[in-house]
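What the coordinates show
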Amino acid sequence: MRVISCIGCIAIILLLSGLAGASGIATVHGVAYEWSTFEPLDNAIIEVNSTPAQSMVAKYGVYSFELSNGTYHITASYYEDDQLTYYAEDIITVSDEGSYVLDLLLLPSYSSSDDTTSSVSDVESESSSQVANASSLIYGSIFIVIVLLILLAYQMKQWPQRSPALKTIKEEEKDDETSHMSHVVTEDAAEPTKEEVQDMALEGEGEDTINETLDGPVTLPSKESEKKPVNVPINSDEPVPADLQEILDILKSQSGRMTQKDMRKRLKYSEGKVSLMLLDLEKRGKIQKFKKGRGNVLFLVESDE
């Protein structure tokens, strides 16, 4: 008894759902026309994207579909010799029961299918070429990195072997440079130049190293007189040579006082000879020389009559 009652309930539910579905069905119909003559196209194929999809061959261009509420995309195609010659598409929205009229005007296709196929093939070929280019770029980059790593490893392997040789060459160059510098220093110390002798004489140092090779003969004190103090007169009664007397006359004209630099400007002799002449006069007790800064000041010694 219970089984029979369950079957009856299910049948009633199915009946009610069928009636509800049937109440929402609308009829969509129309005619497919050729665009230039506006004549119906016999045997045109009409398709709609319903669920499930529906299609039909329109006799004399007339078509009709039963559709529920919703929005649909309807297309119409016309073929001649298996080639698409006319095509049309449109969208319709079914919102209530009733009859909807949608006429379709088919336009020339201009072999759109061939164009679509060619465009698809072009896109596929372009994408495949891009993939191939990307792959080749990746492989090339990997190859370059591997080559650089191999070169770096080779250089690192060869570097410890070349380091001792480079170190030996650098040490030899350093030794040659040191020996050359020591040789130059030895030569410079062994042979002082004329300018160095003059500077030593101007500063009051190294008078013993000056010889007669400067600018003419000069009177040098004897070895016995060199041992005596500089300020001690050496036989001041001896006659003074003319060149030394010239210095004394210049000092007298300057009130017995002037710098050694000014004295050199007034004489026609070289600096070295002037220094030796002043040294001779100082040892004769005729003048006195005092150091002032970087120069010397000369004073005339008054003779006791």
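Thresholds, definitions, all that
Residues numbered from 1 in each chain as written. Predicted model: local features only at pLDDT ≥ 70, side-chain atom pairs only at ≥ 80, totals over all residues. Heavy atoms only, no water. Helix = DSSP H or I, 4+ residues; strand = E, 2+ residues; numbered from the N terminus. Areas by Shrake-Rupley, 256 points an atom, 1.4 Å probe, with all protein chains shown as cover. Salt bridge = Lys/Arg side-chain N within 4 Å of Asp/Glu carboxyl O. Buried < 20%, exposed > 50% of the residue type's maximum accessible area, 1.4 Å probe, protein only. Pairing = 2+ DSSP bridges. Axes fitted to C-alpha atoms, helices over the stretch in contact; angles between N-to-C directions. Contact = heavy atoms within 4.5 Å. Parallel < 35°, antiparallel > 145°, perpendicular 65-115°, else oblique. Nonpolar A, V, L, I, M, F, W, Y, C, P; charged D, E, K, R; others polar. pLDDT = per-residue confidence, 0-100. Phe/Tyr/Trp six-rings, centres within 6.5 Å; stacked < 30°, edge-to-face > 60°. Expected span 1.5 Å × (residues − 1).

**Thoughts on the overall build of the protein chain**
Helix and strand content of the protein chain: seven helices and 11 strands. Of the roughly 21,900 Å² of accessible surface on the protein chain, 58% is carried by carbon and sulfur atoms.

**Focus on the pattern of salt bridges**
As enumerated under the stated definition, the model contains one salt bridge in all. Linking R284 and D280 is a salt bridge whose minimum nitrogen-to-oxygen distance equals 3.2 Å. One end of the pair, R284, and the other, D280, are both in helix α7 (residues 271-284), four residues apart, so they sit about a helical turn from each other. Like R284, the residue D280 is buried in the burial classification.

**Let's talk about the sheet that holds strand β10 (residues 287-292)**
Spatial strand order, β9-β11-β10: three strands in an open sheet with antiparallel pairing. Two strands in the sheet have a free side with no partner beyond their single neighbour: β9 (257-259) and β10. Looking at each pair of strands side by side, their axes are set apart by 25 degrees on average, direction ignored. Where β9 meets strand β11 (residues 295-300), three bridges bridge the pair, whose relative direction is antiparallel. Paired with M258 across the strands is L298, a residue of β11. Along the sheet, helix α5 (residues 242-253) contacts β9, β10 and β11; its crossing angle with β11, the most-contacted strand, is approximately 85 degrees.

**A closer look at unusual backbone geometry**
In this chain, T51 is followed by P52 through a cis amide linkage whose omega measures -5 degrees. Position of P52 among the secondary structure elements: in the loop between β2 (44-48) and β3 (54-58). Within the chain, F38 stands out as a residue other than glycine whose phi angle is a positive 55 degrees. Residue placement: F38 occurs in the loop between β1 (26-34) and β2.

**A closer look at the packing of α5 against α7**
Remark: α5 packs on α7, axes separated minimally by 10 Å, with the N-to-C direction vectors making an angle of 80 degrees. The angle between the axes of α5 and α7 places the two elements in the roughly perpendicular class. Contact residues: D243, L244, I247 and L248 in α5; M277, L278, D280, L281 and R284 in α7. The class makeup of the residues in the contact of α5 with α7 is six nonpolar, no polar and three charged.

**A few points about the confidence of the model for the protein chain**
Keep in mind that low pLDDT regions are not for reading the predicted coordinates in detail. Within the protein chain, residue pLDDT values average 74, and 60% of them lie at 70 or more. Per-residue pLDDT, averaged within each element of the protein chain, yields its smallest value for helix α4 (residues 223-226) (46) and its largest for β2 (95). This model gives residues 183-192 a pLDDT under 50, and the stretch forms zero contacts once residues within four places in sequence are excluded. For the stretch residues 201-233, pLDDT sits under 50, and the model shows 41 contacts to residues farther than four places along the chain or on other chains.

**Some points on the side chain of T75**
Looking at where T75 falls in the secondary structure, it is placed in strand β5 (residues 70-80). Those residues within four positions of T75 in sequence are excluded, and the remaining contacts are I45, I46, E47, Y87, A88 and E89.

**Re the environment of S55**
Along the polypeptide, S55 turns up in strand β3. Residue S55 is classed as exposed on the basis of its relative accessible area of 52%. The spacing of S55 and A76 is 21 residues in sequence and 9.6 Å in space, taken between C-alpha atoms.

**Remarks on the packing of aromatic side chains**
A complete count under the given rule lists three aromatic pairs for this structure. Note on Y78 and Y86: the rings are 6.0 Å apart at their centroids and 50 degrees apart in plane angle, and the pair reads as tilted. As far as the burial class goes, Y78 and Y86 line up, both buried. On the numbers, 5.5 Å between centres and 75 degrees between planes, the contact of F290 with F299 is edge-to-face. By relative accessible area, F290 is classed as partly exposed at 41%.

**Section: the pairing of β11**
Of the pairings in the sheet, the one linking β10 to β11 comprises six bridges and is antiparallel in character. Paired with K289 across the bridge in β11 is L298. Between β10 and the antiparallel strand that follows it, β11, lie two residues; G293 among them carries a positive phi value of about 65 degrees.

**What about α7?**
In this model, α7 (14 residues) spans 20 Å end to end at C-alpha, consistent with the 20 Å of a helix rising 1.5 Å per residue. Burial analysis of α7 places 13 of its 14 residues in the buried class, which makes it a mostly covered element. Where α7 ends, the next residue or the one after it, G285, has phi of about 85 degrees, a positive value.

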